[in-house]
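Chain by chain, the residues:
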Protein chains: 2
Amino acid sequence: MSQGEELGAVVEFKAVRFTDAGAREETVHVPSEVPLTVEANGVEVATLLCTPTEIPSLVLGFLFSAGVVRGPEELREWSVDPTRWKVECTVARTPDVELLGKRVYTSGCGKGVMFATVAELAGRRPLDSPLRVPAARIDDLARALQGASPHYRRTRGIHTGAVSLEGELPERWFDDVGRHNAVDKAIGDALFRGVDLSRCLLLSSGRTSSEVLHKARRAGIPVVLSRSVPTHQSVLRARDMGITLLGRAKGAGFLAYAHPERIVPNGAPAGR
Amino acid sequence: MSQGEELGAVVEFKAVRFTDAGAREETVHVPSEVPLTVEANGVEVATLLCTPTEIPSLVLGFLFSAGVVRGPEELREWSVDPTRWKVECTVARTPDVELLGKRVYTSGCGKGVMFATVAELAGRRPLDSPLRVPAARIDDLARALQGASPHYRRTRGIHTGAVSLEGELPERWFDDVGRHNAVDKAIGDALFRGVDLSRCLLLSSGRTSSEVLHKARRAGIPVVLSRSVPTHQSVLRARDMGITLLGRAKGAGFLAYAHPERIVPNGAPAGR
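Keep in mind the model is a prediction, meaning the values are calculated, not measured.

The rules behind each value
Residues numbered from 1 in each chain as written. Chains lettered and ligands numbered in written order. Predicted model: local features only at pLDDT ≥ 70, side-chain atom pairs only at ≥ 80, totals over all residues. Heavy atoms only, no water. Helix = DSSP H or I, 4+ residues; strand = E, 2+ residues; numbered from the N terminus. Buried < 20%, exposed > 50% of the residue type's maximum accessible area, 1.4 Å probe, protein only. Contact = heavy atoms within 4.5 Å. Areas by Shrake-Rupley, 256 points an atom, 1.4 Å probe, with all protein chains shown as cover. Polar contact = N/O pair within 3.5 Å; in protein donor to acceptor, adjacent residues only side chain to side chain. 1 Å grid on protein atoms, 1.4 Å probe; cavity = no way out; pocket = protein on both sides within 12 Å on 5 of 7 lines; lining within 4 Å. Points joined across faces, edges and corners; volume = space filled by probe spheres on them. Nonpolar A, V, L, I, M, F, W, Y, C, P; charged D, E, K, R; others polar. Pairing = 2+ DSSP bridges. Axes fitted to C-alpha atoms, helices over the stretch in contact; angles between N-to-C directions. Salt bridge = Lys/Arg side-chain N within 4 Å of Asp/Glu carboxyl O. Parallel < 35°, antiparallel > 145°, perpendicular 65-115°, else oblique.

1. Describing the overall build of chain A
Thinking step 1. A tally of regular secondary structure across chain A gives eight helices and 14 strands.
Thinking step 2. Put simply, chain A has 272 residues, and 62% of those count as buried.
Thinking step 3. In chain A, 52% of the contacts between residues at least 6 apart in sequence involve partners at least 24 apart.
Thinking step 4. A total of about 10500 Å² of accessible surface is found on chain A, and carbon and sulfur atoms cover 47% of it.

Rendered as structure tokens:
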């Protein structure tokens with residue numbers, strides 16, 4: 001995001017669509033996502049990963065929900081710095097740093113806890129993995145992901161995560177109300193079993209936001225596959241990190257938003 | 001959750017289904033959600049709102065993703081207390097409390113920041129609102145919610161939130177990659193405009209987890225309406241809080257998981 005440029009709710013990217021017929025480039029739209037740091041009376045309250053529209057309403061709604069202000073009259077001034085994605089505001093009562101520590105990681109996110117240093121360290125060197133997976137295998141994995149959870153069929157409200165070794169069907173699938181928790185369960189289980197994650201794909205029913213991508217990068221997993229879409233931030237980061245980012249995978253084709261070279265198109269010559 | 005009872009991935013509830021033909025009770029399943037506090041070497045690392053299955057894998061995957069451990073060998077012991085939903089574990093290096101403060105609220109969650117005291121205070125007295133809404137109106141709102149976002153149609157990956165005064169179609173809809181952010185934007189905007197939230201419904205495209213419910217309770221909003229499902233925790237809390245909790249609302253009927261008495265069934269005598 002260059003200085004002064006307006007980032008809307010949606011960002012356009014070039015992606016590669018893999019189908020039965022092969023692979024071709026197309027233009028797609030993904031939701032935008034930025035880390036917005038909110039500072040109230042000089043106290044850092046939170047960094048929200050959000051779509052940077054309606055920022056004053058977001059800040060008021062957030063500070064109200066969090067108990068920092070009791071109404072609009074207690075939010076007195078604010079300024080948004082769109083180059084650093086920082087909101088500085090003045091509120092009636094300075095937030096209690098002790099209370100601010102009592103944050104709860106929510107099920108929507110699980111808890112995309114990322115220590116800045118870890119995330120930076122992990123991202124410094126792009127992943128370099130020789131893993132190659134045929135497009136038809138991705139379709140198989142996507143179909144398996146769809147049918148994997150009996151809990152999903154009963155509730156329509158649970159996420160599934162899994163780890164696939166070199167495109168093989170996973171033996172174990174992990175459900176959670178939080179899509180990040182489902183991913184953490186799959187990675188944790190693979191760690192317990194001593195699986196070589198550099199030869200694995202990470203499968204998730206949920207959207208790939210930047211922190212799912214960070215989890216993959218930290219685990220050294222070179223391919224992330226989702227039934228849903230990525231955010232614009234995860235497209236940008238996946239391109240930097242050397243991660244193959246696949247989305248909209250439901251068993252009949254899919255999109256590659258970053259590093260499509262690890263996917264062997266249908267009909268491609270063998271031995272690629 | 002009573003002591004010693006095993007909570008699985010899914011919980012069964014009685015709910016009321018509203019259709020063209022009226023209202024009838026049925027049994028439904030919703031995903032379970034508990035607040036799991038993780039303590040490593042006596043340091044509280046996070047409270048995860050999660051489905052309490054595969055807890056060791058979740059804890060290892062989470063601690064690994066968060067940079068607290070570098071592998072399974074650094075997670076040495078753990079014990080789970082299922083009555084307090086607390087995991088105590090021993091890790092190779094004690095987590096740095098300073099670094100732990102650098103949490104980023106993720107887009108999946110927005111940031112369900114809830115200060116314990118606020119949540120408790122808000123929940124102490126059940127909401128008592130005379131608001132009544134006809135079931136046909138709920139269907140109209142659900143259809144409007146579905147068609148409200150041009151960004152959703154382009155991306156298939158963005159959430160929408162809005163506030164409806166007494167069942168009227170909202171004038172403004174709010175999009176965000178985070179479902180909680182979309183809700184915060186809608187509440188923040190209503191606060192700016194001085195809308196009487198005690199006469200409002202909160203509309204959301206995303207699941208109703210416990211913290212979306214807390215946002216509604218804090219704002220004094222008596223009806224929460226989602227296209228998706230609630231978690232079991234939000235069903236329990238909505239019943240306590242006096243909030244009417246509606247889910248699976250897509251324009252042709254819906255389910256009421258808590259306090260159905262605010263919904264006037266189709267075909268009910270007028271003047272109820």
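So much for the structure itself; the text now carries on.
2. As for the side chain of B:Thr47
Residues and elements named next belong to chain B.
Thinking step 1. Along the chain, the position of Thr47 falls in strand 4 (residues 43-50).
Thinking step 2. When its relative accessible area of 9% is taken as the criterion, Thr47 is described as buried.
Thinking step 3. Looking at Thr47, its side chain comes within polar contact range of the side chain of Thr37, at 3.0 Å.

3. Side note on the layout of surface pockets
Thinking step 1. Counted as a void, the largest pocket has a volume near 1300 Å³.
Thinking step 2. Contributing to the lining of the largest pocket are 38 residues, with A:Tyr152, A:His159, B:Tyr152, B:His159 and B:Ser228 lying nearest its centre.
Thinking step 3. Elements with a contribution of two residues or more to the lining of the largest pocket: helix 4 (135-147) and strand 8 (159-165) of chain A together with helix 4 (135-147) and strand 8 (159-165) of chain B.
Thinking step 4. For the lining of the largest pocket, a count of residues per class yields eight nonpolar, 18 polar and twelve charged.

4. As for the sheet that holds strand 11 (residues 223-226) of chain A
Residue and element names in this part refer to chain A.
Thinking step 1. With mixed pairing, the eight strands of this open sheet are ordered in space as 2-1-13-12-11-10-8-9. The open sheet has two free edges, formed respectively by strand 2 (22-31) and strand 9 (174-176), since each of these has just one partner strand. Averaged over all neighbouring strand pairs, the angle between strand axes comes to 25°, with direction disregarded.
Thinking step 2. One ladder, built from three bridges, connects strand 11 with strand 12 (residues 244-247); its direction is parallel. Across the sheet, Leu225 pairs through a bridge with Leu246, a residue of strand 12.

5. Some thoughts on the pattern of salt bridges
Thinking step 1. Following the criterion strictly, the structure yields 29 salt bridges over all chains and no others.
Thinking step 2. With its nearest N and O atoms 2.9 Å apart, the salt bridge here joins A:Arg93 to A:Glu74. One end of the pair, A:Arg93, is in the loop between strand 6 (86-91) and helix 2 (97-100); the other, A:Glu74, is in the loop between helix 1 (55-65) and strand 5 (75-81), and 19 residues separate them in sequence.
Thinking step 3. With relative accessibility at 8%, the residue A:Glu74 sits in the buried group.
Thinking step 4. Here A:Asp176 ties to A:Lys185 by a salt bridge, and the two come within 2.8 Å at their closest N and O atoms.
Thinking step 5. Exposure remark for A:Asp176: the relative accessible area of 0% places this residue in the buried category.
Thinking step 6. Residues participating in the shared-partner salt-bridge network are A:Glu54, B:Arg172, B:Asp189 and B:Arg193.

6. Some remarks on the sheet that holds strand 6 (residues 86-91) of chain B
In sheet architecture, strand pairing relies on hydrogen bonds along the backbone and comes in two forms, parallel and antiparallel.
Residue and element names in this part refer to chain B.
Thinking step 1. Judged by pairing direction, the sheet is mixed, and its four strands sit side by side in the order 4-3-6-5 without closing on themselves. Of all the strands in the sheet, the pair left with one neighbour each is strand 4 and strand 5 (75-81). On average, each strand axis in the sheet is inclined to that of its neighbour by 20°, with strand direction left out of account.
Thinking step 2. Two strands pair when backbone bridges link them, and strand 3 (residues 34-40) and strand 4 are joined in this way by seven bridges, in the antiparallel orientation. The partner of Glu39 across the bridge, within strand 4, is Glu44.
Thinking step 3. Running over the sheet, helix 1 (residues 55-65) touches strand 3, strand 4, strand 5 and strand 6 and is turned about 120° from strand 4.

7. Some words on the packing of helix 6 (residues 179-193) of chain A against helix 1 of chain B
Thinking step 1. Here helix 6 of chain A crosses helix 1 of chain B at 95°, and the two axes come no closer than 7 Å. When the interaxial angle is binned, helix 6 of chain A and helix 1 of chain B end up roughly perpendicular. For the pair formed by helix 6 of chain A and helix 1 of chain B, the contact residues are A:Asn181, A:Asp184, A:Lys185, A:Ile187, A:Gly188, A:Asp189, A:Leu191 and A:Phe192 on the first element and B:Pro56, B:Ser57, B:Leu58, B:Leu60, B:Gly61, B:Phe62, B:Phe64 and B:Ser65 on the second.
Thinking step 2. Looking at the contact of helix 6 of chain A with helix 1 of chain B, its residues break down into eight nonpolar, five polar and three charged.

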